[in-house]
Amino acid sequence: MSQPLISAPASGGLPNPVPTGPVRLTINGETQTLQLAPWTSLLDALREYAHLTGTKKGCDHGQCGACTVLVNGRRINSCLTLAVMHEDDDITTIEGLGTPENLSPLQQAFVDHDAFQCGYCTPGQICSAQGLLNEGHAHSEAEIKELMSGNLCRCGAYVGILDAVKEVVDKQ
Amino acid sequence: MSQTNHIGKAPSRVDGPLKVAGAAHYSGEFNVPNLAYGYVVNSPITKGKILKVHADEVRALPGVLEVFSHENVPYLAWFDKSYKDQIAPGGSPFRPLHSPDITFNQQPVALVVADTFELARYAAALLRIDYEQQEHETNLEAKRTEGYAPGGGKIGFQPPPPPRGKPDQALKEATHSIEAEYAHGAQHHNPMELFTTTVEWRGDGKITAYDKTQGVYNVKNYLMGVFGLGKDDVRVVNQFMGGGFGAGLRPQYSVFMAVLATLELKRSVRVTLTRQQMFSIGHRPNTLQLVKLGTNPDGTLAALQHHALHETSQFEDYTENIVNWSGMLYQCENVKLGYELAKLDIYSPQDMRAPGAASGNVGLEVAMDEMAYAAGLDPLEFRMRNYADRDQNVDKPFSSKKLRECYKQAAAKFGWETRTQEPRSMRANGKLVGMGMGGGVWDATQQKSAAKALISADGKLTVRSATGENGTGTYTIMTQIAAETLGLPLEAVTFELGDTDQPEAPIQGGSWTAASVGTAVKNACDALGEKILKLAQKPADSPLKGATYDEVEFVNGQLRLRHDHAQAVVLRDVLQASGETQLEADSSAQPNMAKQNGYSLHSHNVAFAEVEVDEDLGTIKVTRVVSAVAAGRILNQKTARSQVLGSVVWGLGMALMEETIMDHKFGRYVNHNFAEYHIPVNADIPHIDVIFVHEDDDIVNPLGVKGIGEVGMLGVTAAIANAVFHATGKRVRDLPIMLDKLL
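Per chain, residues are indexed from 1 in the order of the written sequence. Ligands are numbered from 1 and chains lettered from A, in the order in which they are written. In view of the model being predicted, local features appear only for residues whose pLDDT reaches at least 70, and side-chain atom pairs are presented and counted only at 80 or more, with totals across whole chains, interfaces and linings using the full set of residues.

## Re the overall build of chain A
Part 1 of the reasoning: From N to C terminus, chain A includes six helices and six strands.
Part 2 of the reasoning: Under the DSSP-based scheme used, a helix requires at least four consecutive residues in state H or I and a strand at least two consecutive residues in state E, with every element numbered from the N terminus. Helices and strands appear in chain A in the N-to-C order β-β-β-α-β-β-β-α-α-α-α-α.
Part 3 of the reasoning: When the backbone C-alpha atoms are referred to their principal axes, chain A occupies close to 65 × 50 × 25 Å.
Part 4 of the reasoning: Buried residues are those with 20 or more other C-beta atoms within 10 Å of their own C-beta, exposed residues have 12 or fewer, and partly exposed residues lie in between; C-beta atoms are placed from the backbone. Every one of the 172 residues in chain A was classed for burial, and the buried ones make up 53%.

Right, here's the structure in full:
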């Protein structure tokens, strides 16, 4: 049995997209100017325009934490903020924390404790952990677990993540 | 003393530094020039027809390149077989953009391609489509009596064995018996990485597809079939996969869309699904199970009956092995197993970590707990009394089975003896405490695989096979196997994977990669080793003169006689003296059927879980888990432990959180995002102990490995459900166990 038709309301001439413009971003200490539409998220600016693909897209809704970067030392979900809002900010991505040849203490601890499997949530986990170290928040195991709970890991590497973060916290 | 025995040790992942530094490239992270972006539009209706796609007004937007739908898709392959991938079930595979018919909600109906991602997304949001809607059915409850037994058609699916003994009479005459129904809703894989394909246009009709997949050859063959591409026209690459769990076993519509657009526009295109769209690509099906058990006076099983019904789509008979395990995990003479499907207006389900077994295991292992209570037995003791030394489904002995040792070691570690049997009898921290257990069984299989090994004059070894790395540790274990075979340090070995320019490997599933590709890697390195031996024996004064390959070994960069280590040559010296710049060897591996035929090949596990339940709020906290796994030889203690830890997290999610909820009025999943489809977070995960019980097994394959990616998930969900019963006295039989079900 057929039901009524579903049809979107007709519109005469669709509104043109907003034009792009130059956006100056300082990422990992380097300033560059990208040509961006104003509705470009910081996450998409990093991945698709600056080609810094270490920052990951897992949901685009601020629900998974894979896109976590440090803005002026504090962790944020880069999918929930627009690139144009960060012209005066100091943005640090996973690429700015260390390189495969020269890993940061947190990155090394993640390797040592096998704190990841597929590795896709890992940059966000590490940026988040770096953020909570910077903020001086992580003291107990329970606190680390709670404060790292905004970063989902579908492989379920949480035990290793806790051990890795705790090792670095304890050394501080 | 050998420094090049790597197998069984615990080296860190060789790809770890790339992953933690954000330098591993996933499929959406290849920076190809002149890239366009595609954004998929999905149907808001569940059943009906597209009347009109108002594409022209969207095409008129500046920067929009094209709108693809069934209205303008070019002529593609006609027959179903062209769309069937390696593990397609029976029926007709879904063809994206093929016809105006809508057969499930969120069906992809159009692809908008534009110069930038932002433009494609904007234009897709404006695309108007007129639909004619028809009545749909998405509720399995409505199809309870319309189940049917599916035919074959999917690799790995085995219909339940015929009944044995007199299951009905034995149940009637049993001293104690129970009967209960168990249910769980749909669950979605939700790997962290979104399904993404970057297709590079190489000109002249040739493409390279960087695709999120668990099988690059599976995708290549699919693309060749659907788009009529030649073998040399398409290369598929996936060097890192951000989680699969089964979601990438079949080619997804993202790769279809990206390739379609690339071929039509003659321009490179990237298509990335949204998290919401990740709920339209297959799932663990909504499943109903009926289990009946009966015991004899001595606590042995008198009868076991297990029947399962789950949903499938209108167009495919998706199948998985749900009930078969129940006929082999315990000793029982009277067994009846049944398995049926029901068609609904949904997308086809898809294998999800331990498909079938994860579902059936909950039915069986919760029922076993209920049966233990009905018979007045401790749940562990009850399982011990019904231990199966033989696989009664096929009437063969197991090639190896150390489940009993798993029970003993895990129970001791967990402190099972401190448990009091009576429900609600244990308390701590002002909360009810419960302890539960469950065990499981999974296939140990091997698939045909090939590999190539190359060694340069300076002793650097490269091994290639088109398998995958989705977090399982493939790079690392293959590097270990190759390095040990040719007596090299790990640093001297590079393993390359995920490229159809490499020798073919099977799709990465079924926990068979270590056994399949690992054996191929070993064989390729041995084939190379034989060539090296021949070179070493060339000089007239070679200390290895006359030795066969079996009489020599590669250790610490040397090639030496096994029985006289002093008779040795340095591997690099041999290579350099040979004058060759590079030596290479190809090899493949497949199961030794003659050796395996008389045996049942399986891995086993058990999990013990402790929960605390707040009686006032109904909140459940898992406080401890001990998991013991018997899966043959463990190649890497570190990565294998991580796989089991992850499996426990999955089992916890299935027990307490995961359910994709369908609004049957609309036929649409309503919690299709990470805020509402809950998976465990760090704070949910307790201390977890992992125990590997070693099994020597030269029947499964030459490496003696059984695979570790799925077996660890079994038992966990049931153990938690049983612990909740022990804590509260309330038996919840529909998962997930949320607080409202306890209040």
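## Some words on the overall build of chain B
Part 1 of the reasoning: Scanning chain B from N- to C-terminus turns up 15 helices and 33 strands.
Part 2 of the reasoning: By its C-alpha atoms, chain B is 80 × 75 × 50 Å across when sized along the principal axes.
Part 3 of the reasoning: When each of the 743 residues of chain B is scored for burial, the buried share is 61%.
Part 4 of the reasoning: We call two residues in contact whenever the C-beta atoms placed from their backbones are within 7 Å. Long-range pairs, those at least 24 residues apart, make up 83% of the contacts in chain B with a sequence separation of at least 6.

## Describing the packing of helix 10 (residues 474-485) of chain B against helix 11 (residues 513-536) of chain B
Helix-helix packing is described using two parameters, namely the angle between the two axes and the distance between the axes.
All names here are of chain B.
Part 1 of the reasoning: Relative to each other, helix 10 and helix 11 sit at 30°, their axes nearing to 9 Å. Put simply, helix 10 runs roughly parallel to helix 11. Between helix 10 and helix 11 the crossing geometry is right-handed. In this structure, helix 10 contributes Thr474, Ile477, Met478, Ile481, Ala482 and Thr485 to the contact, and helix 11 contributes Thr513, Ala514, Val517, Gly518, Val521, Lys522, Cys525, Asp526 and Gly529. Between the N-to-C directions of two axes lies an angle of 0 to 180 degrees, each axis being a line fitted to C-alpha atoms and, for a helix, fitted only over the stretch in contact. Comment on the angle field: the value is read as roughly parallel under 35 degrees, roughly antiparallel over 145, roughly perpendicular from 65 to 115, and oblique elsewhere. Note on convention: the crossing is left-handed when the near helix lies turned anticlockwise from the far helix by less than a right angle, right-handed when the turn is clockwise.

## So, the interface of chain B and chain A
Part 1 of the reasoning: Chain B puts 65 residues into the contact, and the matching count from chain A is 62 residues.
Part 2 of the reasoning: For the side of chain B that touches chain A, the secondary structure elements donating two or more residues are helix 1 (16-20), helix 2 (55-59), helix 3 (117-126), strand 7 (128-134) and helix 14 (637-656) of chain B.
Part 3 of the reasoning: Considering every element that reaches the side of chain B that touches chain A, the biggest residue donor is helix 14 of chain B, with seven residues.
Part 4 of the reasoning: Class assignment for the residues of the side of chain B that touches chain A results in 34 nonpolar, 19 polar and twelve charged. When residues are sorted by character, Ala, Val, Leu, Ile, Met, Phe, Trp, Tyr, Cys and Pro go into the nonpolar class, Asp, Glu, Lys and Arg into the charged class, and all the rest, Gly among them, into the polar class.

## With respect to the sheet that holds strand 22 (residues 461-465) of chain B
Residue and element names in this part refer to chain B.
Part 1 of the reasoning: If you walk across this open sheet you meet the four strands as 23-22-21-27, and the pairing is mixed. Each edge of the open sheet carries a strand with a single partner, namely strand 23 (493-497) and strand 27 (582-589). Strand-to-strand twist in this sheet, taken as the mean axis angle between neighbours without regard to direction, amounts to 15°.
Part 2 of the reasoning: Any two strands with at least two DSSP bridges between them are considered paired. Pairing between strand 22 and strand 23: five bridges, direction parallel. Across the sheet, arginine 464 pairs through a bridge with glutamate 496, a residue of strand 23.
Part 3 of the reasoning: Contacts from helix 10 reach strand 21 (449-456), strand 22 and strand 23, with the element oriented near 135° to strand 23.
Part 4 of the reasoning: Relative to the sheet, helix 11 contacts strand 21, strand 22 and strand 27, its axis offset from that of strand 27 by approximately 140°.

## Quick look at the domain arrangement of chain B
All names here are of chain B.
Part 1 of the reasoning: Domain limits in this description derive from either an automatic procedure or a database domain assignment. Along its sequence, chain B is organised into domain 1 (16-23 + 446-590), domain 2 (36-135 + 191-274) and domain 3 (142-187 + 283-445 + 598-741).
Part 2 of the reasoning: Once you take the C-alpha centre of each, domain 1 and domain 3 turn out to be 39 Å apart.
Part 3 of the reasoning: Residue-level contacts link 16 residues of domain 1 with 20 residues of domain 3.
Part 4 of the reasoning: Residue assignment for the side of domain 1 that touches domain 3 shows that the elements contributing at least two residues are helix 10 and helix 11.
Part 5 of the reasoning: When residues in the side of domain 1 that touches domain 3 are grouped by element, the largest group, five residues, is from helix 11.
Part 6 of the reasoning: Among the residues forming the side of domain 1 that touches domain 3, the class breakdown is four nonpolar, eleven polar and one charged.

## Brief notes about the nonpolar core
Part 1 of the reasoning: Among buried residues, those of type Ala, Val, Leu, Ile, Met, Phe, Trp, Tyr and Cys that are joined through C-beta atoms within 7 Å form a set called a nonpolar core. In terms of nonpolar packing, the biggest core is built from 284 residues, with Val112, Val259, Val463, Ala482 and Ile720 of chain B touching the most fellow members.
Part 2 of the reasoning: Among the elements that take part in this core, helix 11 of chain B stands out by supplying eleven residues, more than any other.

## Details of the domain arrangement of chain A
Residue and element names in this part refer to chain A.
Part 1 of the reasoning: Along its sequence, chain A is carved into domain 1 (21-95) and domain 2 (105-171).
Part 2 of the reasoning: Put simply, the middle of domain 1 and the middle of domain 2, counted by C-alpha atoms, are 21 Å apart.
Part 3 of the reasoning: At the level of elements, strand 4 (68-71) and strand 5 (74-77) are the ones that each hand at least two residues to the side of domain 1 that touches domain 2.
Part 4 of the reasoning: Sort the elements by how many residues they give to the side of domain 1 that touches domain 2 and strand 4 lands first, with three residues.
Part 5 of the reasoning: Of the residues contributing to the side of domain 1 that touches domain 2, the split by class is six nonpolar, six polar and three charged.

## Side note on the packing of helix 3 (residues 105-112) of chain A against helix 4 (residues 122-134) of chain A
All names here are of chain A.
Part 1 of the reasoning: Two elements in contact, helix 3 and helix 4, have axes separated by 10 Å at closest approach and are oriented at 130°. One element, helix 3, and the other, helix 4, form an angle in the oblique class. The element helix 3 and its partner helix 4 pack so that their crossing is right-handed. On helix 4, the residues touching Leu106, Gln107 and Phe110 of helix 3 are Thr122, Ile126, Ala129 and Gln130.
Part 2 of the reasoning: A per-class count over the contact of helix 3 with helix 4 returns four nonpolar, three polar and no charged.

## Some points on the UniProt feature "domain: Aldehyde oxidase/xanthine dehydrogenase a/b hammerhead" (unreviewed entry) in chain B
Part 1 of the reasoning: UniProt positions are given in the numbering used here, feature names are shortened, and annotations may be inferred rather than shown by experiment. Mapped onto this structure's residue numbering, the UniProt feature "domain: Aldehyde oxidase/xanthine dehydrogenase a/b hammerhead" (unreviewed entry) falls at residues 21-135 of chain B.
Part 2 of the reasoning: The distance separating the terminal C-alpha atoms of residues 21-135 of chain B is 51 Å; by composition the span is 13% helix and 33% strand.

## Side note on unusual backbone geometry
Part 1 of the reasoning: The omega angle of the peptide bond from leucine 735 of chain B to proline 736 of chain B is -5°, so this bond is cis rather than trans.
Part 2 of the reasoning: Here proline 736 of chain B shows up in the segment after strand 33 (734-735).
Part 3 of the reasoning: Despite not being glycine, asparagine 72 of chain A has its phi angle at roughly 50°, a positive value.
Part 4 of the reasoning: With respect to the helices and strands, asparagine 72 of chain A occurs in the loop between strand 4 and strand 5.
Part 5 of the reasoning: Judged by the 12 C-beta atoms lying within 10 Å of it, asparagine 72 of chain A is exposed.
Part 6 of the reasoning: For leucine 97 of chain B, which is not glycine, the phi dihedral falls at a positive 55°.
Part 7 of the reasoning: Structurally, the position occupied by leucine 97 of chain B is in the loop between strand 4 (90-91) and strand 5 (101-102).

## With respect to the pairing of strand 14 (residues 301-312) of chain B
Residue and element names in this part refer to chain B.
Part 1 of the reasoning: With respect to burial, strand 14 is a largely interior element, twelve of its twelve residues being buried.
Part 2 of the reasoning: Bridge count between strand 13 (residues 287-295) and strand 14: nine bridges; the pairing is antiparallel. Bridged to threonine 287 within strand 14 is histidine 310.
Part 3 of the reasoning: Direction of pairing for strand 14 relative to strand 16 (residues 335-343): parallel, over a ladder of nine bridges. What sits directly across from glutamate 311, in strand 16, is alanine 342.

## A word on the pairing of strand 27 of chain B
Walk down a regular strand and you will see the side chains alternate between the two sheet faces.
All names here are of chain B.
Part 1 of the reasoning: Of the two faces of strand 27, the one lined by Leu583, Ala585, Ser587 and Ala589 is fully buried and the one lined by Gln582, Glu584, Asp586 and Ser588 carries no buried residue.
Part 2 of the reasoning: Sheet analysis places strand 21 next to strand 27, joined by eight bridges and oriented antiparallel. When the bridges of strand 27 are listed, lysine 452 appears paired with aspartate 586.

## Focus on the sheet that holds strand 12 (residues 269-272) of chain B
Residue and element names in this part refer to chain B.
Part 1 of the reasoning: Ordered in space as 3-6-1-12-9-10-11, the seven strands form an open sheet in which the pairing is mixed. For this open sheet the edge positions go to strand 3 (64-69) and strand 11 (234-237), each flanked by a neighbour on one side alone. Put simply, the sheet's adjacent strands are angled 20° from each other on average, direction ignored.
Part 2 of the reasoning: Sheet topology places strand 1 (residues 36-42) next to strand 6 (residues 108-114); six bridges connect them, and they run antiparallel.

## Points about helix 12 (residues 571-578) of chain B
All names here are of chain B.
Part 1 of the reasoning: Of all the residues in helix 12, the buried ones are Leu571, Val574 and Leu575. Each buried residue of helix 12 lies within a common arc of 95° when the element is viewed along its axis, so the set occupies one face.
Part 2 of the reasoning: Of the surrounding secondary structure, the elements contacted by the buried residues of helix 12 are strand 21, helix 11, strand 24 (552-555), strand 25 (558-561) and strand 26 (568-570).
Part 3 of the reasoning: Downstream of helix 12 by a residue or two, glycine 579 has a phi angle that is positive, lying close to 80°. The arc refers to the directions leading from the helix axis to the C-beta atoms.

## Regarding the environment of alanine 149 of chain B
Residues and elements named next belong to chain B.
Part 1 of the reasoning: Topologically, alanine 149 is positioned in the loop between strand 7 and helix 4 (167-172).
Part 2 of the reasoning: In this structure the C-alpha to C-alpha distance between alanine 149 and serine 268, which are 119 residues apart in sequence, comes to 45 Å.
Part 3 of the reasoning: If we skip the residues at most four places from it in the chain, alanine 149 touches Tyr339 and Glu340.

## Some remarks on the confidence of the model for chain B
Part 1 of the reasoning: Every residue gets a pLDDT, meaning the predictor's confidence in that residue, from 0 to 100. On average, residues of chain B carry a pLDDT of 97, and 100% of them reach 70 or more.
Part 2 of the reasoning: Interface confidence in the predicted complex, given as ipTM, is 0.97; pTM for the same model is 0.97.

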